[in-house]
Amino acid sequence: MHSLIFENAFTSQLPADPQTGSARRQIRNAMYSRVAPTPVAAPSLLHYSNGAAKLLGLSSEDCQSDTFLQVFAGNHQLEGMDPHATCYGGHQFGNWAGQLGDGRAINLGEVKTADGHLMLQLKGAGETPYSRTADGLAVLRSSLREYVCSEAMFHLSVPTTRALSLVSTGEQVMRDMLYDGHPALEPGAVVCRVSSCFVRFGHLQMLTARQETDLLANFVDFIIEREFPAIAQSYSDPRERYLAWFDEVCQRTVALVVHWMRVGFVHGVMNTDNLSILGETIDYGPYGWLEGFDPDWTPNTTDAGQRRYRYGQQPGVAQWNLLQLANSIYPLIEEAKPLEEALGRFSTSYEARWQRMMANKLGLPEFDNGLNERLLSLLQETETDMTLFYRHLANVKNAEIDAELLRDAYYTPQSISRDLQTQTKRWLQDYLAAARLQGQGDEPRATLMNRTNPLYVPRNYLAQLAIDDAEQGNLARLNQWMRVLEQPYTLQDGMDEYAAKRPEWARNRSGCSTLSCSS
Ligand code: AMP
Ligand code: MG
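In this text the structure is predicted, and so the values were computed from the model without any measurement.

A. Highlighting helix α15 (residues 442-452). Listed in full, the buried residues belonging to α15 are Arg445, Ala446, Leu448, Met449 and Thr452. In a view along the axis of α15, the buried residues occupy a sector of 165°, so they form one face of it. Summarising the geometry of α15, the exposed residues directed more than 90 degrees from the buried face are Glu443 and Arg451. If you follow the buried residues of α15, they end up packed against α9 (238-263), α11 (336-361), α13 (386-393) and α14 (418-437).

Take a look at the structure:
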């Protein structure tokens, strides 16, 4: 742990709220408030990520030490740490919500690493000035979900914040899990998240809403210098720099959402305060993974009516969020046209990248629109597990078209009409004909597909099983699952249960398919 050297550029270069502590307040002309984590009674380390530890230069001995546990439970601070919570606002479900801020996240400090810097952030470590009416805490079930999914996303090659540790606090937290008037005590936990920076669109929005334009300019300069050095070097004119930066954020967001669509991830709460300016997946709450392919599906019961954040709407919502980001930097540009152009490039770039990605999912060198559309509608009509379907499709051979290979991907194979079976067979024939026409043999097709389509994704029901066990003090499943998720594209012997489609018992069990925001 002695190897951690803290730089803390955020707190040393940006203005602080003069008041410290967690009394609730609105802050002005400041980016953050200093506040320490609240110590917990009986912390215990449930898991740590070797991969995230390595990024920080921490050894496994470091991670198994008592100091590590105390630090990442929030009980102890290392020399050089500068704990603080940051101020941001945001649009929640389309409506401006004013000041939100890190209500239960506390940045401990920025570690200097071999190739840059990484901020350590505790989630669920107690109250901050931004906790509003809530307690600043997190429960084990939501913390485990965030911990597992962050690391799984990394191994899936999806940009994401990382997770270093999952610690149970030994304390109980009151939550009304279904928001139905039945609050109950649940075990508390703290996750340490890791990213080079945790700045959200909402940080900039908040400054603009308060008309703090000078601070806005300083803050964007800071972000560009620190997180986008190539842009800082290429543009000396501030306005050009800001525009190049905005364009880059748009393009990173395109890349991010295309990845989400590829792996079937539904974020669930794409509010502007939950979008990172780095284009990383951030704030894992009531997220979910497509099981039966359905563009209208959302895991978030709080969004069940409007379904604003459903799978198929994620690109559109991302662009809407970028429009809010554009509005927030408008005072630095004072001209709408170049911002609109960047937003327009979002659409063209999204379409191009999405087509490339969909072609890769089918293992084809070229995107075939007709083939693709027919497939997506078939997948939807037959309640087909998206993840398993593409993996099984990779095994279908040109010489012998065997639709039976796909059977395991269907949730209710017995209910598939003769007509749909015929259409599926026709589609398979046309698909393989397209592969032949494009000169793509079975083997390279399967290789490309199995590189693009993961086999193991952190399905909600699997998370629930790991949570049930962890709440009973049994970590075997979590440990094994984390190992499986390190190689999501590789078939692993004896690990079929982690690739299995949702069993019927999990279809309507809370936490297994859908979730509320309660966490
Ligand atoms: P979310 O949409 O869940 O990312 O959170 C929206 C806002 O509510 C953020 O400002 C969070 O920090 C805050 N928040 C969520 N849960 C809690 C909690 N238990 N205590 C304090 N603040 C919270
Ligand atoms: Mg959030």
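B. Summary view of the coordination of the magnesium ion (ligand 2). Every protein donor of the magnesium ion (ligand 2) is listed here as Asn274 (OD1) and Asp283 (OD), and their distances to the metal cover 1.9 to 2.1 Å. The residues asparagine 274 and aspartate 283 share a single accessibility class, namely buried.

C. Summary view of the site of ligand 1. Residues in contact with ligand 1 amount to 17 residues; listed here are only the nearest, Gly101, Gly103, Arg132, Gly136 and Asn274. Aspartate 135 places a polar side-chain atom, nitrogen or oxygen, 3.1 Å from a nitrogen atom of ligand 1. Contact between ligand 1 and leucine 137: a nitrogen atom at 3.3 Å from a main-chain N or O atom of the residue. About the coverage of ligand 1: the protein hides 80% of its 480 Å² of free accessible area. Its residues assigned to classes, the shell around ligand 1 comprises four nonpolar, six polar and seven charged. Residues lining the shell around ligand 1 come from more than one domain, with at least three contributed by each of domain 1 (9-198) and domain 2 (208-360).

D. View of the packing of aromatic side chains. Summed over the entire model, instances satisfying the criterion amount to 18 aromatic pairs. Ring centres of phenylalanine 293 and tyrosine 311 lie 6.0 Å apart, and the angle between their planes is 80°; on these two criteria the pair is classed as edge-to-face. Taken as a pair, phenylalanine 293 in the loop between β11 (288-289) and α10 (314-333) and tyrosine 311 in the loop between β11 and α10 lie far apart in primary sequence, 18 residues in all. For tyrosine 311, a relative accessible area of 6% gives the class buried. The cationic tip of arginine 145 hangs over the ring face of tyrosine 287; the distance from NZ or CZ to the ring centre is 4.1 Å.

So, how was this worked out
- Residues numbered from 1 in each chain as written.
- Chains lettered and ligands numbered in written order.
- Predicted model: local features only at pLDDT ≥ 70, side-chain atom pairs only at ≥ 80, totals over all residues.
- Heavy atoms only, no water.
- Buried < 20%, exposed > 50% of the residue type's maximum accessible area, 1.4 Å probe, protein only.
- Helix = DSSP H or I, 4+ residues; strand = E, 2+ residues; numbered from the N terminus.
- Arc of directions from axis to C-beta.
- Contact = heavy atoms within 4.5 Å.
- Donors = N, O, S within 2.8 Å, 3.2 Å for Na, K, Ca; no water.
- Near = heavy atom within 4 Å.
- Polar contact = N/O pair within 3.5 Å; in protein donor to acceptor, adjacent residues only side chain to side chain.
- Areas by Shrake-Rupley, 256 points an atom, 1.4 Å probe, with all protein chains shown as cover.
- Nonpolar A, V, L, I, M, F, W, Y, C, P; charged D, E, K, R; others polar.
- Domains from an automatic or database assignment.
- Phe/Tyr/Trp six-rings, centres within 6.5 Å; stacked < 30°, edge-to-face > 60°.
- Lys NZ or Arg CZ within 6 Å of the ring centre and 35° of its normal.

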